[in-house]
Amino acid sequence: MKRSRFTEEQIIGILRALAQERRRFGYRRLHVLLRREGHAVNRKRVQRIYREERLTVRPRGGRKRAMGRRRPLDLPLVANQRWSLDFVSDQMTDGRRFRILTVIDNFTRECLALVADTSLSGARVARELDAVIRQRGRPDTIVSDNGTEYTSNAVLAWADDTGVGWHYIAPGKPQQNGFNESFNGRLRDELLNETLFRSLPHARAVLEAWRRDYNERRPHSKLGWLTPQAYAQALAGNTGRPAALVDGCAGRPIANPTNLYPDQPRTLVMAG
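Residues numbered from 1 in each chain as written. Predicted model: local features only at pLDDT ≥ 70, side-chain atom pairs only at ≥ 80, totals over all residues. Heavy atoms only, no water.

Undergrad: I tried to follow the overall build of the chain on my own but got confused; where do I start?
TA: Counting its secondary structure elements, the chain contains 8 helices and 6 strands. Of the regular secondary structure in the chain, the N- to C-terminal order runs α-α-α-β-β-β-α-β-α-β-α-α-α-β. The buried share of the chain, taken over its 272 residues, is 42%. In the chain, the share of contacts with a sequence separation of at least 24, taken over all contacts with a separation of at least 6, comes to 62%. For the chain, the exposed surface amounts to about 15,800 Å²; the carbon and sulfur share of it is 47%. (Helix = DSSP H or I, 4+ residues; strand = E, 2+ residues; numbered from the N terminus. Buried < 20%, exposed > 50% of the residue type's maximum accessible area, 1.4 Å probe, protein only. Contact = heavy atoms within 4.5 Å. Areas by Shrake-Rupley, 256 points an atom, 1.4 Å probe, with all protein chains shown as cover.)

Below, the structure written as structure tokens:
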């Protein structure tokens, strides 16, 4: 193929015209079209021009959904103000898969529960939340995705009976459950990828030992390198009551008070 006889400005013009005609083509496909027309232009040169001329293909937006009015989720300022839930999957040495329900206090960053089983229904989720509440007290709000377990009749009835607000994140927006996403990454990196689980009882024992270590020994960078348990105890002060039950406890704020909505109703809310 002969070397292109066109100048840089002419190549830019040709590339812009092709990009206008083929608006969903990236620089690789445009480079192929240029070569088909007899222009022996280096691919990296096409990539450079493509970027400089801002011809990058813009990602399409998702299908529009009528989700109703949305507003930001309040950031927690005290323990038990907001918990978050999510699922993590793994498998045992014999190939059987199991799921882990993770429950996190978004303020103290404590891991409240790691529930492992081959199947976790909405009714099981409600029972496990009851068990945590008996030890710790009731949260104001729980955040989760739109999984079938969380949108089941059992969970909806449980939220209505207990008066706990349930906040669903927007579909395809896991960052709206960022506290749990961050925790799940630590769990995956530090435990699941490093451990071979022989059986379900073995997995449960290892998960509980790791949960205690995470709360009681592992320093947390976002808490000034305190452990979640030490941070919760520091907030409790010398009141003699558990940190989770202290109202208005003083400490390093996690959120800007200007972002708060103190009149948040305890209802099922859709995030955006």
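Undergrad: How do you make sense of the pattern of salt bridges when you look at a structure like this?
TA: Side-chain pairs of opposite charge can arise where the charged atoms are in close proximity. All told, the structure shown has 17 salt bridges when counted by the stated rule. Between R45 and E8 there is a salt bridge, and its shortest N-O distance comes to 2.6 Å. Note that R45 is positioned in helix α3 (residues 43-52) and E8 in helix α1 (residues 8-21), a separation of 37 residues in sequence. Note on R45: relative accessible area 25%, which makes it partly exposed. A cluster of three or more residues bridged by salt bridges with shared partners is formed by E8, R45, R48 and E52. (Salt bridge = Lys/Arg side-chain N within 4 Å of Asp/Glu carboxyl O.)

Undergrad: Just to check I follow, could you spell out the packing of aromatic side chains for this structure?
TA: Summed over the entire model, instances satisfying the criterion amount to 10 aromatic pairs. Look at W166 and Y168: their rings are 6.4 Å apart centre to centre, the planes differ by 40 degrees, and that puts the pair in the tilted class. Note on accessibility: W166 and Y168 belong to one class, buried. The ring centre of F87 lies 4.0 Å from the NZ or CZ of R99, which sits over that ring. (Phe/Tyr/Trp six-rings, centres within 6.5 Å; stacked < 30°, edge-to-face > 60°. Lys NZ or Arg CZ within 6 Å of the ring centre and 35° of its normal.)

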